[in-house]
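Topology and contacts: notes
Here are the chains, one letter per residue:
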Amino acid sequence: MTAAPKHQGRFGESVTRVEDRRLVTGQGRFIDDLVLAGMLHMAIVRSDRAHARIVSVDVRAALEADGVVAVLTGVDFAASGWGDIPCESMPPAITKGKWVRTPFPSLPADRVMAMGDPVAVVLAETRKQAQDACELVEIELEDLAVVASMEAAIADNAPQLYPDAPGNLCFSAELGDALKTEAAFAQAAHVITLQTRQPRLAHASMEMRGSVGVFDRRLGRYELTTSTQNPHSVRRLLAEAVLKVPAHRVRVSAGDVGGAFGLKGRLYPEDVLVLWAAERTGRPVKWVPSRSEAFLSDFQGRDHMASGEMAFDAEGHILGLRATTRHNLGCRLGPATGVSPFLSARMLAGPYVLPAAHVRVQGVFSNTRSTTSYRGAGRPEATYFLERMLDKAARQLGLTPVEIRRRNLIPAAAMPFKTALLDTYDCGDFPGVFEKALTLADWDGFAARKAVSAINGLLRGQGISYFVEVSALSNERMSVQFDPTGHATVLAGTFAHGQGHHTLYTQMLHDWLGLRYEDISVVDGDTDIIPYGGGTYASRSVTVGGSALRRACDQIIVKATAIAANLLEADPAQISFAEGIFTVQGSNKALSLSEVARAAYRVLGHPGALGVGLEAVGTYTAQPQNYPNGCHIAEVEIDPDFGTVRLVAYAAVDDVGVAVNPLLLEGQLIGSTAMGVGQALMERVVYDEAGQQLTAAFTEYAMPRAEDMPLIISALHNTPTKTNPIGVKGGAEVGTIAAPPAIVQAIEDALGFVPEPALTMPVTAAQVLRAIHREKRTEEETK
Amino acid sequence: MLLTLTVNGREVSRNVEPRTLLVEFLRDGLGLTGTHIGCDTTQCGACTVHLAGRAVKSCTVLAAQAGGAEVTTIEGLSGDGLHPMQQAFIDHHGLQCGFCTPGMIMACVALAHEDPDMTEAQARERLVGNICRCTGYNGIVAALMDGAKRMAGDV
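Residues numbered from 1 in each chain as written. Chains lettered and ligands numbered in written order. Predicted model: local features only at pLDDT ≥ 70, side-chain atom pairs only at ≥ 80, totals over all residues. Heavy atoms only, no water.

**Some details on the interface of chain A and chain B**
With 56 residues of chain A at the interface, the matching set in chain B holds 51 residues. Counting the surface chain A buries against chain B, the share from its top three residues, A:Val24, A:Met206 and A:Arg705, is 18%. At the junction of chain A with chain B, the criterion picks out five salt bridges. With a closest N to O distance of 2.8 Å, A:Asp33 and B:Arg27 form a salt bridge. Here chain A and chain B share 20 residue pairs in polar contact (both at pLDDT 80 or more) between them. Elements with a minimum of two residues in the side of chain A that touches chain B: α1 (20–24), α5 (127–134), α10 (291–297) and α19 (662–681) of chain A. Counting residues per element, the side of chain A that touches chain B draws most heavily on α19(A), which supplies eight residues. (Contact = heavy atoms within 4.5 Å. Buried area = accessible area lost by both parts, 1.4 Å probe. Salt bridge = Lys/Arg side-chain N within 4 Å of Asp/Glu carboxyl O. Polar contact = N/O pair within 3.5 Å; in protein donor to acceptor, adjacent residues only side chain to side chain. Helix = DSSP H or I, 4+ residues; strand = E, 2+ residues; numbered from the N terminus.)

**With respect to the domain arrangement of chain B**
Residues and elements named next belong to chain B. Parsing chain B into structural domains produces domain 1 (2–76) and domain 2 (84–152). Each of domain 1 and domain 2 has a C-alpha centre, and these two points are 21 Å apart. Taken residue by residue, the interface counts 16 residues in domain 1 and 14 residues in domain 2. Summed over both partners, the interface of domain 1 with domain 2 buries about 1,100 Å², with 65% contributed by carbon and sulfur atoms. On the domain 1 side of the interface with domain 2, the three residues burying the most area are His36, His50 and Ile74, jointly 43% of the side's total. For the interface between domain 1 and domain 2, the tally reads zero salt bridges. Where domain 1 packs against domain 2, one counts five residue pairs in polar contact (both at pLDDT 80 or more). (Domains from an automatic or database assignment.)

**Considering the sheet that holds strand β1 (residues 40–46) of chain A**
All names here are of chain A. An order of β3-β5-β1-β12-β9-β10-β11 is seen for the seven strands of this open sheet, with the pairing classed as mixed. Of all the strands in the sheet, the pair left with one neighbour each is β3 (68–73) and β11 (250–253). On average, each strand axis in the sheet is inclined to that of its neighbour by 20 degrees, with strand direction left out of account. In terms of strand pairing, β1 meets strand β5 (residues 118–124) through six bridges, oriented antiparallel. (Pairing = 2+ DSSP bridges. Axes fitted to C-alpha atoms, helices over the stretch in contact; angles between N-to-C directions.)

**Digging into the pattern of salt bridges**
For the coordinates displayed, the defined rule picks out 60 salt bridges over all chains. A:Glu435 serves as the salt-bridge partner of A:Arg406, at 2.7 Å between the closest nitrogen and oxygen. Here A:Arg406, found in helix α13 (residues 401–408), pairs with A:Glu435, found in helix α14 (residues 430–440); they are 29 residues apart in sequence, far enough to count as distant. Accessibility expressed as a relative area gives 32% for A:Glu435, which makes it partly exposed. B:Arg126 is the partner of B:Asp115 in a salt bridge, and the nearest nitrogen-oxygen pair spans 2.8 Å. Separated by eleven residues along the polypeptide, B:Asp115 in the loop between α3 (101–114) and α4 (120–126) and B:Arg126 in helix α4 bring together distant segments of the chain. When salt bridges that share partners are traced, they join A:Glu387, A:Arg388, A:Asp391, A:Arg395, A:Arg405 and A:Glu748 into one network. (Buried < 20%, exposed > 50% of the residue type's maximum accessible area, 1.4 Å probe, protein only.)

**Points about the nonpolar core**
The biggest cluster of nonpolar side chains holds 87 residues, and the ones touching the most others in it are A:Phe698, A:Ile743, A:Ile747, B:Phe89 and B:Leu127. Ranked by residue count, the leading element in this core is helix α20 (residues 734–751) of chain A, at eleven residues. Not counting the four nearest positions on each side in its chain, A:Ile747 is found in contact with A:Val636, A:Ile638, A:Val645, A:Leu681, A:Leu759, A:Val763 and A:Val768. Counting residues in each nonpolar core, the second largest holds 79 residues, with A:Ala165, A:Ala173, A:Leu354 and A:Phe434 among its members. (Core = buried A, V, L, I, M, F, W, Y, C linked by side-chain atoms within 4.5 Å.)

**Observations concerning the state of the cysteines**
Following the criterion strictly, the structure yields zero disulfides over all chains and no others. The structure places no disulfide on A:Cys631, whose sulfur is separated from the nearest cysteine sulfur, that of A:Cys427, by 17 Å. On the basis of relative accessibility, which here comes to 0%, the residue A:Cys631 falls in the buried class. Free cysteine: B:Cys39, not disulfide-bonded; nearest cysteine sulfur from B:Cys44 at 3.8 Å. A relative accessible area of 3% means that B:Cys39 is categorised as buried. (Disulfide = S-S within 2.5 Å.)

**Thoughts on the sheet that holds strand β8 (residues 190–201) of chain A**
Residue and element names in this part refer to chain A. One open sheet accounts for five strands, arranged β7-β15-β14-β13-β8; its pairing is mixed. Two strands bound the open sheet, and with one partner strand each, they are β7 (169–176) and β8. Within the sheet, the average angular offset between the axes of one strand and its neighbour, ignoring direction, is 10 degrees. The pairing of strand β14 (residues 318–330) with strand β15 (residues 357–365) spans nine bridges and is classified as parallel.

**Brief notes about the domain arrangement of chain A**
All names here are of chain A. Along its sequence, chain A is organised into domain 1 (34–144 + 204–297), domain 2 (145–202 + 300–409), domain 3 (431–459 + 629–783) and domain 4 (475–621). Placing a centre on the C-alpha atoms of domain 3 and another on those of domain 4 gives a separation of 43 Å. Opposite the 14 residues of domain 3 that make contact, domain 4 presents 16 residues. Taken over both partners, the interface formed by domain 3 and domain 4 buries close to 1,100 Å², and the fraction arising from carbon and sulfur atoms is 62%. Contact with domain 4 buries area across many residues of domain 3, yet Val660, Pro725 and Ile726 alone supply 41% of it, more than any other trio. Our count for the contact surface shared by domain 3 and domain 4 stands at zero salt bridges.

Okay, here's the thing in structure tokens:
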């Protein structure tokens, strides 16, 4: 951060957030803060087995317990006729519809398929009473054979989870050109092979998921308040798939949401269960889990392996890529389970001139929790594989990590660049970003820093990664409404849960319409107020929401110009608009936009032909999408006596098109980098061979704390995109994509040798120490 | 059991189950929902409040243990205006989703009282009891150091 941020400012300026005051004073309204009259609490009895047939569930003792109102089972749920949770993320163009659908009842009656699956729900007057009564529900389970990992699921003769999914494969699809790729490999001077593995991650937003359901018997409406990223998606899935009612009979809203990172993207069983229980009991029902219950019931992220080979010519130019990318989908398909696999396959096109590619993408079932998008969703998986491939190739070809990238990055002059897979990159100066990052990180001055570390007995290494990602998924709708007092409200289809959209949209209206901050309000997260919205995920909101908002504002100016012309008794062509004021050219006659808006609601002096009021809807559909990209450089120090790795420096140069608020953008960069640091060094959800999840608390699942993070220095090297009206690309996931390969390469560089077996994320101190000891033994043996 | 204590300067009495945690008493008993629950293992610090002037994780204190004592929550930190640490969090973009923020601010106020003039490395080390998943901590570290100076009247 350089200049001190302003408290109010224009598009493009660093501005502190309008959201913050309520949050720093404890006035946020998160899901567990919601208390309704007569509200019951729901606690869930969950399976302690990974795969079992449900033989019986005896609820009699629990029903007798203090405060208990109802105890419901999967048999009850099946009898209710409520539909399954569907998967809607398998792209037809790639899968050709060939993928295995999985039953996904919110409360299963016959079979549990992962530890933590719900078996019964208890409804009681207090949360403690509900939790206590869970202990009294007697469950008989009959164990079935367990496949607890992707490796186990694809092994020969593995137990099969679904009869129509041989080999536990949900799908196996292909991208690219097999023949062309084969021809490229035939020309190769070098072929480098590689296998990489992504750990399974827990999003672990600080606020856990939670839901409050109400059934309004008077109107026959279902009202869900939930901690979500995407209220409109939740409503559509509930209405279409689960309840099979028109969407107007379902309201979904959210208050403050305490982080999500992909976790809270779509519909969950507990959302369904609170509504179901509310309808059955006639009372509002709340479910908020403990952290350990969240660990067991939250969808998880990553859990991916890639293997393949890359062909190079004698000078180190890439000729082709052949790869198989496999994702552990978990035990059933959640609504968004397909997102990461297909994005990871697609983004293997990468930032380099890759003339030919052939990629196979597979999804695998196992007795683990369903996977879903995790910040970056597929781009980190692809980037890790490509960047580790380039590092390995550089070593084998005798090039530096810098030189091999210089030789292969797509030149700016080659834009727009059609990749060997699905995308056409619209713009970007990849080599410019790259060189700027090397300068920012003082790449060439590394030797001096390494020498200082060595004096302190520490091994220092540097690592680099370049990524390109895709942003602006789906479409968006934003409206600007002036009220009869002349103030503006933005109704946003996006849904902020920490990103600061209210500030960003306020900056936009302030800049584009000349309104004061105090005259602008932003509303999001309520399907009764906002007819359609896409929610917030995948760095989409400022791009698609901001573009739609720009169009809404443009229409406001057109409409208000006509109204102003009437009020000022001038030809509309004579009216100009600047800084919130309409003026008649060549005169001193002027009106503010607020005055025009107020007049638009009056009868006197406002002809009916101009309509009543002042509002506009802007929409934007990303066709084509845009491609944020960047280069991040990490430096680590290793203590060779303990194996501990410290990230000591981190430099990032990104191309986000246009920065709307550099302060908030930097917040996204640093925050996403912290999650990337976690993935590289600390985080992994662990299941044992029986499918028992061993990481179910913050004492067992390590995440970065303040002292694990270095100061991060960053700069921008922007090429505004012409694919949308405001030039913005996405910028909220850069660190989760770029940090892991840069950090792991830095560790290898610090060690000075390439460990066998290869380092696997998370690269813990124990792993590093084993590698050091193994290397020492090898050295001694070869003496 | 009947429990009496002072919360944000006001004496309150409530009947509670002996097993009630201080955080449950504050949230469910008094409706002070600014204190958040982020874990059940004393790891995350979202529930940090001041008990008898010291920062404690209110998920790990029985309400009964606070009997007769003075408790300050995020709601009681400032009057009408903002506490200097709250303002520092805004100025340094020390929060995103805001869920860890009340506990983080209560922890930072206590740390600032102990040492108004800490180095960046000290600030990072001393924040070990609080987890933030959004910010990557840089804004929080800057807010802690700057807020501590503001509290000491140095700026």
